Each structure stands twice: as C-alpha cells, then as structure tokens.
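Here's the letter readout for the chains.
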Amino acid sequence: MKFAIRDDDTCYFTDPADLERVYHDVWDRVPVCLATVPFAIGYERVGIPRQHWHDGEAFALERNGALMGLLKSLLAKKRATIALHGYTHQDYADGFEFQSAPDPERRVADGLRYLRETLGTLPASTISIFVPPHNAMSKRGLAAVGAAGLNILGSFLSFRPSMRPWDYTTPANWLRIRQFRRSSGRTKSDRLIYPFVLRYADHAEFGCHSLIPGTTVDELTKAFDEARSAGGDFCLATHYWEVDAAMKSVLLKFLDYVSRDRDVRFVAAEELFA
Ligand SMILES: [Zn+2]
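Within each chain, residues carry numbers counting from 1 in the order of the written sequence. Where totals are concerned, whole chains, interfaces and linings use all residues; where local detail is concerned, this predicted model gives features only for residues with pLDDT of at least 70, and gives and counts side-chain atom pairs only at 80 or more. Only hydrogens and water are set aside; all other atoms, that is, all heavy atoms of the structure, feed into the side-chain values.

1. Details of the pattern of salt bridges
For step 1, the next point in the chain: Put simply, a salt bridge is a Lys or Arg side-chain nitrogen that is within 4 Å of an Asp or Glu carboxyl oxygen. The tally for this structure, following the rule as stated, stands at 18 salt bridges.
For step 2, the next point in the chain: Its salt-bridge partner being Glu-57, residue Arg-63 comes within 3.5 Å of it at the nearest N-O pair.
For step 3, the next point in the chain: Burial status follows relative accessibility: with a 1.4 Å probe on protein chains alone, a residue under 20% of its type maximum counts as buried, one over 50% as exposed, and anything between as partly exposed. Residue Glu-57 is classed as partly exposed on the basis of its relative accessible area, which comes to 34%.
For step 4, the next point in the chain: Residues joined by salt bridges that share partners form a network here, namely Glu-97, Asp-103, Arg-106, Arg-107, Asp-110 and Arg-113.

Following this line, the structure appears as structure tokens:
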C-alpha cells in the first residue's frame, strides 16, 4: 500500500520557516508534495498580508529568494516534490481560478514552464501533478489540465459524467465508483474518497483525505483502514498555514499509526500514479 502527503499553497507569500516548522520531522519519513502557485495573487486567508488581499498584484515565486533556496534544497534531498497549484490561485466573482479564469489552457502551460525553469533541471523537480485551487474545476479547466498531460490530485472532484469532459474511459470509471459506493454501503450523497487511481484517456486522478482544523486521528485512521482493506492507496492533504500544534499532533499520531503497518510504503505523491 502506498501512502503520500500533499501540502497546498506554497507561493511567494510562504515563509520558509512555516514549512520547516510543520515538516522538519516529517519529510525524512515521507516526501511532501508541495502544490505550488507560480504567480500568486492574494486573497483573504491567514498568512497573506492584508494589504494584498484585494490588490490583484501577481507575485512571482522567485521574488521570495529565501523560499526558492529552501525549495531547491528540499528537491535535491528528495524531501519534497513540486506540483502545479493553479497559476495565480486568484478568486473570481463567479468562482475559483480553474472554474472561472478565461484562459485555463495558457495558465497550465505557462505555470508549468515557469516552475520547471525556476526550480532548475533536477530530475526530482519534474512536475507531473496538478492540484486544483480550492479543489474546484470546471469541465474546461479539467480538459486543459488533462491536455497538458498532468495527473490530478483532488479532494472533492465530482465523478459524475455530466460534470466532466467525456472520453472512452468515463463510463467504466463511473461504474467503478458506483460499485465501490454500493459495496461500502454508501448512498449517492455519502462522502467518498475513492482509494484507487482513476485513469482517463489523457490523465489520471486520485483523491486525497483532508487534514483540516478539527480533523481527528480517529477519522483518519478509519479512512486509512478502509482504503487498506479495499487494497487501495492513501494520500493525506493539508495546508501548512493552518497547521497549529493541535493539527501537528494529529499528523504525527496518524503517521505513527500508518508506520506500524509493514505493508505501507511511504512514497512521493507522483508514485501514486505509477
Ligand atoms: Zn490552495
């Protein structure tokens, strides 16, 4: 069984000390997939200075020299990998970036090129994953990411064929989900993180379990046990900027629980799709 960790929102606004604080005793056990924003535009959240919540200015990642230094060293030591997390991560009046931006195709292409160039040519910095900002994507956003050949690590992506671009694999994937729902006693509306990679014509998708304020060790271990008994894999997703002492303790206790299982292999998120 493969186990991976994804952390969202590394960008110009990230203080490298925050990543160190959360992961210094984690990334030697499990490499962390840092879902990174190339040209962050501020919005209302902890960790982004208030004066940039509404100024609309795009900040290139490399303007944060201290962060660039940390990222390059993490990549070299295989403590982290980099995924593309939107282009600006900006919110629109009628939706999130990959629901409402007029040019998702350009954003994927330019964002990918920028991260690949600025983070150097280390093999470890090869980028193959896209994480949608706010876990939200329109049909067109999803098609743009798939066409670029990137796999998607999501959390709440819809499986409904009507909500996504259609290809020859869609009906079989939909049936797989329906069967898993039934066999696990879930109804249509019950929450489901499907523990297997879903392969579509031009990309693959995998769902992550969220660690957010209030998530308990018990909830995570139950979800992990379910994925394990189904023969699946597991990816935990969180945001470094909301990890306080209580969440950190949940993270460590959960990792200890997972580590006790001899069948578990800690991997970089990219390996989930191998
Ligand atoms: Zn995000």
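2. Some points on the state of the cysteines
For step 1, the next point in the chain: The disulfide criterion is simple: two cysteine sulfur atoms within 2.5 Å. As enumerated under the stated definition, the model contains zero disulfides in all.
For step 2, the next point in the chain: There is no disulfide at Cys-208, and the cysteine sulfur nearest it, in Cys-235, is 3.6 Å away.
For step 3, the next point in the chain: You can call Cys-235 buried: its relative accessible area is 0%.

3. Side note on empty space enclosed by the protein
If you roll a probe as big as a water molecule over the atoms, it shows you where there is empty space left.
For step 1, the next point in the chain: Only protein atoms enter the 1 Å grid, on which a cavity is a set of points fitting a 1.4 Å probe that cannot get out and a pocket is an open set with protein on both sides within 12 Å along at least 5 of 7 lines, lining residues being those with an atom within 4 Å of a point. Grid points are joined across faces, edges and corners, and a volume is the space filled by probe spheres set on the points. Under the criterion given, the structure shown has one cavity of 30 Å³ or more.
For step 2, the next point in the chain: Of the pockets and cavities examined, the largest cavity occupies roughly 40 Å³.
For step 3, the next point in the chain: Residues are grouped as follows: Ala, Val, Leu, Ile, Met, Phe, Trp, Tyr, Cys and Pro are nonpolar; Asp, Glu, Lys and Arg are charged; all remaining types, including Gly, are polar. In terms of residue class, the lining of the largest cavity is made up of six nonpolar, two polar and two charged.

4. A short note on the nonpolar core
For step 1, the next point in the chain: We call a set of buried Ala, Val, Leu, Ile, Met, Phe, Trp, Tyr and Cys residues a nonpolar core when their side-chain atoms join them within 4.5 Å. Core analysis: the biggest nonpolar cluster contains 54 residues, and Phe-3, Ile-5 and Tyr-23 have the highest contact counts within it.
For step 2, the next point in the chain: Formed by 16 residues, the second largest nonpolar core is a distinct cluster that contains Cys-33, Ile-129, Phe-206 and Cys-208.

5. A closer look at the packing of helix 7 (residues 217–229) against helix 8 (residues 245–259)
For step 1, the next point in the chain: Interaxial distance between helix 7 and helix 8 falls to 9 Å at its minimum, and their mutual angle equals 30°. Relative to helix 8, the element helix 7 is oriented roughly parallel. The way helix 7 lies across helix 8 gives a crossing that is right-handed. When helix 7 is examined against helix 8, the residues Val-217, Leu-220, Thr-221, Phe-224, Asp-225 and Arg-228 are found in contact with a partner set consisting of Val-250, Lys-253, Phe-254, Tyr-257 and Val-258.
For step 2, the next point in the chain: Per-class residue counts for the contact of helix 7 with helix 8 are seven nonpolar, one polar and three charged. Only C-alpha atoms enter the line fits that serve as axes; for helices the fit covers just the stretch in contact. Angles between N-to-C directions range over 0 to 180 degrees. Helix and strand assignments come from DSSP, with helices taken as H or I runs of at least 4 residues and strands as E runs of at least 2, each series counted from the N terminus. What sets the label is the angle itself: under 35 degrees gives roughly parallel, over 145 gives roughly antiparallel, 65 to 115 gives roughly perpendicular, and the rest give oblique. Left-handed describes a crossing whose near helix is turned anticlockwise from the far helix through less than a right angle; right-handed describes the clockwise counterpart. Any two residues having at least one pair of non-hydrogen atoms within 4.5 Å are treated as being in contact.

6. Section: the layout of surface pockets
For step 1, the next point in the chain: Put simply, the largest pocket is a space of about 580 Å³.
For step 2, the next point in the chain: Along the wall of the largest pocket there are 26 residues; nearest its centre are Phe-159, Ile-177, Arg-181, Lys-188 and Leu-192.
For step 3, the next point in the chain: Only helix 6 (170–183) and strand 9 (204–207) provide two or more residues apiece to the lining of the largest pocket.
For step 4, the next point in the chain: Considering each element in turn, the lining of the largest pocket owes the most residues, five residues, to helix 6.
For step 5, the next point in the chain: Broken down by class, the residue content of the lining of the largest pocket amounts to eleven nonpolar, six polar and nine charged.

7. Topic: helix 2 (residues 65–76)
For step 1, the next point in the chain: The span expected for a helix works out to 1.5 Å for each residue beyond the first. Compared with an ideal rise of 1.5 Å per residue, which puts twelve residues at 16 Å, helix 2 spans 17 Å between its outermost C-alpha atoms and is within 8% of the ideal.
For step 2, the next point in the chain: Within helix 2, burial applies to Leu-67, Met-68, Leu-70, Leu-71, Leu-74 and Leu-75. The arc that holds every buried residue of helix 2, seen down its axis, measures 165°, which confines them to one face. Seen from the buried face of helix 2, the exposed residues on the opposite side, beyond 90 degrees, are Ala-66 and Ala-76.
For step 3, the next point in the chain: In this structure, the buried side of helix 2 is in contact with strand 1 (2–10), helix 1 (16–23), strand 2 (32–36), strand 5 (80–84) and helix 4 (104–118). The arc in question is formed by the directions pointing from the helix axis toward the C-beta atoms.

8. Here's the deal with helix 5 (residues 139–147)
For step 1, the next point in the chain: Where helix 5 is concerned, the buried positions are Gly-141, Leu-142, Ala-144, Val-145 and Gly-146.
For step 2, the next point in the chain: Directly beyond the C-terminal end of helix 5, a positive phi value near 80° is found at Gly-149.

9. Quick look at the packing of aromatic side chains
For step 1, the next point in the chain: Two aromatic rings, drawn from Phe, Tyr or Trp (for Trp, its six-membered ring), form a pair once their centres lie within 6.5 Å of each other, and the interplanar angle then sorts them: stacked below 30 degrees, edge-to-face above 60, tilted otherwise. Under the defined criterion, the tally for this structure stands at 17 aromatic pairs.
For step 2, the next point in the chain: Here Tyr-12 and Phe-59 contribute two aromatic rings whose centre-to-centre distance is 4.5 Å and whose plane-to-plane angle is 10°, an arrangement assigned as stacked. Of this pair, Tyr-12 sits in the loop between strand 1 and helix 1 while Phe-59 sits in strand 4 (residues 58–60), placing them 47 residues apart in sequence.
For step 3, the next point in the chain: Note on Tyr-12: relative accessible area 23%, which makes it partly exposed.
For step 4, the next point in the chain: In this structure Phe-59 comes out as buried when scored by relative accessible area, which is 3%.
For step 5, the next point in the chain: Seen from their ring centres, Phe-13 and Phe-59 are 5.2 Å apart, and the 65° between their planes marks the pair as edge-to-face. With Phe-13 in the loop between strand 1 and helix 1 and Phe-59 in strand 4, this residue pair connects regions lying 46 residues apart in the sequence.

All quantities given are derived from atomic positions and should not be read as evidence of function.
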